[in-house]
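# Structure at a glance
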Amino acid sequence: MVAPLDQVFRQEWGRVLATLIGVLGDFDLAEDAAQEAFAIAAAAWPRDGTPSNPRAWLTRTARNRATDRIRRERALATKFGLLVADDRAPAPIEVTTFPDERLELVFTCCHPALALDAQVALTLRSLGGLRTDEIARAFLVPERTMAQRLVRAKRKIKAAGIPFRVPPAHLLRERLDAVLAVVYLIYNEGYGGRDELAAEAIWLGRALVELLPDQPEVRGLLAMMLLHDSRRETRFSDGELVLLEDQDRSRWDAEQIAAGRAELDRALALGGRGPYVLQAAIASLHAEVPCDWAQIALLYGELGRLTGSPVVELNRAIAVAEVDGPEAGLRVVDQLGLDDFRYLHSTRAQLLRRLGRVEEARAAYRRARQLTDDGAERRFLDRRLRELALSAAAPAGAGRGS
Amino acid sequence: MKYVMLVYQAAAMERQAALTDEEQKRVRADYQGINETPGVTPGVPMGLPENATTVRVEGGRTLTTDGPFVGMKEAVGGWFILEADDLDAAIEVAARVPAARYGGAVEIRPSEVYW
């Protein structure tokens, strides 16, 4: 069974492009050449059959195209008596194996000298092989805007001398964090319902694990994404948001949970205890029945110390409420200065509701509603407000809600 | 690659003035170290932006105003040329400039040949 063309292209794009950039030393030239080679393949392969080594075929074809172009431009320049300073002619050796330089590529795309939105776009385009219009659609910006963003980023890589290499040891930590942050951001965009981005982030996460198998945080990120994503099918029901506790567990993707846990185990075996590993461990505990909230609260505590993030502390409050009751959770929440954060108010509302403090709960839900512009979240909060209006009419005591 | 390194003082001069003698010595030594770094061509030392004069020509008339083109706080405080392999190497040198750690900043501008 031969993989369909699209799939081969998808699989090979990043590798072919990375190799070409390595050979040619020029992002744009490499991308044009790769695009040409893929177009030639799309025409030739269905007719002549897929070559035995598609990657080598694509890389060779692209390199030959680029060489032709460089020669043509040189000939033209000589003809017009221009000085030719550029002598990056690729060596015309016929090799069948090319080095895998995707890692160099990803570190270039995620270089901190590029704006974050450019890093994201460039990573999806170069490594992920998404077309400009696909990236534009995923991020809800006009295609022209996205195209300009990519052009500007590539221009800066060249003009500013952003290196095409894996950072040396003393920079690796910091630069790897930047790469992981880009993948995480892509995943988060997808978590809001744009499935293709979540799938893309997982694909990138897998590629990174393959390239950096000994980095626990890389595996931690992949584990976390797999575990969260395993619940994708149950997070919405007819377009309405469903909370974790109300989700139909039988529809969670058991295979993906197992894959996520396996990655987590490897990360832990590598001594990982970084933010992504901790988040993966928490996601793994969330998938257990019964859920070990005490352990989750501890892990959030550790994560909070690492990141100093009040959002993490808010999550800890939820776990604390499960262990020591809503009052204890509320005490944690009320120490946080996150007044413009909608989830602070929805969390407070939830805890107040459980304590039977209906009026305060309604006020908090209303505040959360003011702060969100997401349709599904608004409808969810409206539902809660309606339920509370009913229970205010007929007080039902301080029992746990749903 | 050739880079023009622009040093912005912002609050750095004031903060450095408040340092101990020992720390000030360190700052001077660090600037000396930058100047002696391979690839660095030191710029001519710049006077204070207060003493700058800005010139425009409008309709053939030369107009001068007191002070730097941008605000006093945003004015360039110094510069040097750096010949380095790539941006990462330039970032490492920039991070050693004392102004960068005392509230100022270093801007790395790749040099370009336009004609």
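Computed from a predicted structure; not experimentally measured. (Residues numbered from 1 in each chain as written. Chains lettered and ligands numbered in written order. Predicted model: local features only at pLDDT ≥ 70, side-chain atom pairs only at ≥ 80, totals over all residues.)

## Considering the overall build of chain A
Scanning chain A for helices and strands turns up 18 helices and 2 strands. A principal-axis box enclosing the C-alpha atoms of chain A has dimensions of 90 × 45 × 45 Å. For chain A, buried positions account for 38% of its 402 residues. Long-range contacts, defined as pairs at least 24 residues apart, comprise 60% of the intrachain contacts of chain A with a sequence gap of at least 6. (Helix = DSSP H or I, 4+ residues; strand = E, 2+ residues; numbered from the N terminus. Buried ≥ 20, exposed ≤ 12 C-beta atoms within 10 Å, placed from the backbone. Contact = placed C-beta atoms within 7 Å.)

## Describing the confidence of the model for chain A
Summing up the model confidence of chain A, the mean pLDDT is 89 and the portion of residues at 70 or higher is 92%. For residues 89–93 of chain A, every residue scores under 50 in pLDDT, and the model assigns this stretch 8 contacts once sequence neighbours within four places are set aside. (pLDDT = per-residue confidence, 0-100.)

## Concerning the interface of chain A and chain B
The interface is formed by 7 residues belonging to chain A together with 6 residues belonging to chain B. When grouped by side-chain class, the residues that make up the side of chain A that touches chain B number 6 nonpolar, 1 polar and no charged. (Nonpolar A, V, L, I, M, F, W, Y, C, P; charged D, E, K, R; others polar.)

## Considerations on the sheet that holds strand E5 (residues 76–83) of chain B
All names here are of chain B. Sheet architecture is open: 4 strands sit in the order E2-E5-E1-E6, paired in antiparallel fashion. Two strands close off the open sheet at either side, each with one partner strand: strand E2 (40–42) and strand E6 (105–110). The mean inter-strand angle of the sheet, taken between neighbouring strand axes irrespective of direction, is 25 degrees. For strand E1 (residues 2–8) and E5, the ladder comprises 7 bridges, and the chain directions are antiparallel. Across the sheet, residue leucine 6 finds its bridge partner in E5, namely tryptophan 79. Sheet strands touched by helix H3 (residues 87–95): E1, E5 and E6. Its angle to E6, the strand with the most contacts, is close to 155 degrees. (Pairing = 2+ DSSP bridges. Axes fitted to C-alpha atoms, helices over the stretch in contact; angles between N-to-C directions.)

## Thoughts on the nonpolar core
Ranked by internal contacts, the top residues of the largest apolar core, which has 113 residues, are A:Leu20, A:Val183 and A:Ala280. Beyond its immediate sequence surroundings of up to four residues, A:Ala280 is in contact with A:Gly220, A:Ala223, A:Met224, A:Leu227, A:Gly260, A:Leu264 and A:Ala267. (Core = buried A, V, L, I, M, F, W, Y, C linked by C-beta atoms within 7 Å.)

## Re the confidence of the model for chain B
Looking at chain B as a whole, the pLDDT averages 95, with 100% of positions reaching at least 70. Here the complex is predicted with pTM 0.83, and the ipTM for its interfaces comes to 0.88.

## Details of the environment of B:Leu6
Residue and element names in this part refer to chain B. Within the secondary structure, leucine 6 sits in strand E1. When the C-alpha atoms of leucine 6 and glutamate 112 are compared, they prove to be 15 Å apart, with 106 residues separating the residues in sequence. Ignoring sequence-local partners within four residues, the contact set of leucine 6 consists of Val76, Trp79, Val106, Glu107 and Arg109.

## Quick word on the environment of A:Ser346
Residue and element names in this part refer to chain A. Along the polypeptide, serine 346 turns up in helix H16 (residues 342–354). With 23 residues separating them along the chain, serine 346 and arginine 369 place their C-alpha atoms 8.3 Å apart. Those residues in contact with serine 346 that sit more than four places away from it in its chain are Tyr365, Ala368 and Leu381.

## Points about helix H2 (residues 27–48) of chain A
All names here are of chain A. In this model, H2 (22 residues) spans 30 Å end to end at C-alpha, consistent with the 32 Å of a helix rising 1.5 Å per residue. A bend of about 30 degrees at alanine 42 is the largest found in H2, and the proline proline 46 appears one to four places after it. Where H2 is buried, its residues touch helix H1 (5–24), helix H3 (54–79) and helix H7 (143–160). Looking one or two places after H2, you find glycine 49, whose phi comes out positive at around 95 degrees. (Expected span 1.5 Å × (residues − 1). Bend = angle between axes of the 7 residues up to and from the residue.)

## Let's talk about the packing of helix H4 (residues 102–109) of chain A against helix H5 (residues 116–126) of chain A
A pair of packed helices can be characterised by two numbers: the angle between their axes and the separation between those axes. All names here are of chain A. Where H4 contacts H5, the two axes come as close as 8 Å, and the packing angle between them is 155 degrees. Between H4 and H5, the angle is such that the two are roughly antiparallel. Counted together, Leu105, Val106 and Cys109 of H4 and Gln119, Leu122, Thr123 and Ser126 of H5 form the full contact between these two elements. (Parallel < 35°, antiparallel > 145°, perpendicular 65-115°, else oblique.)

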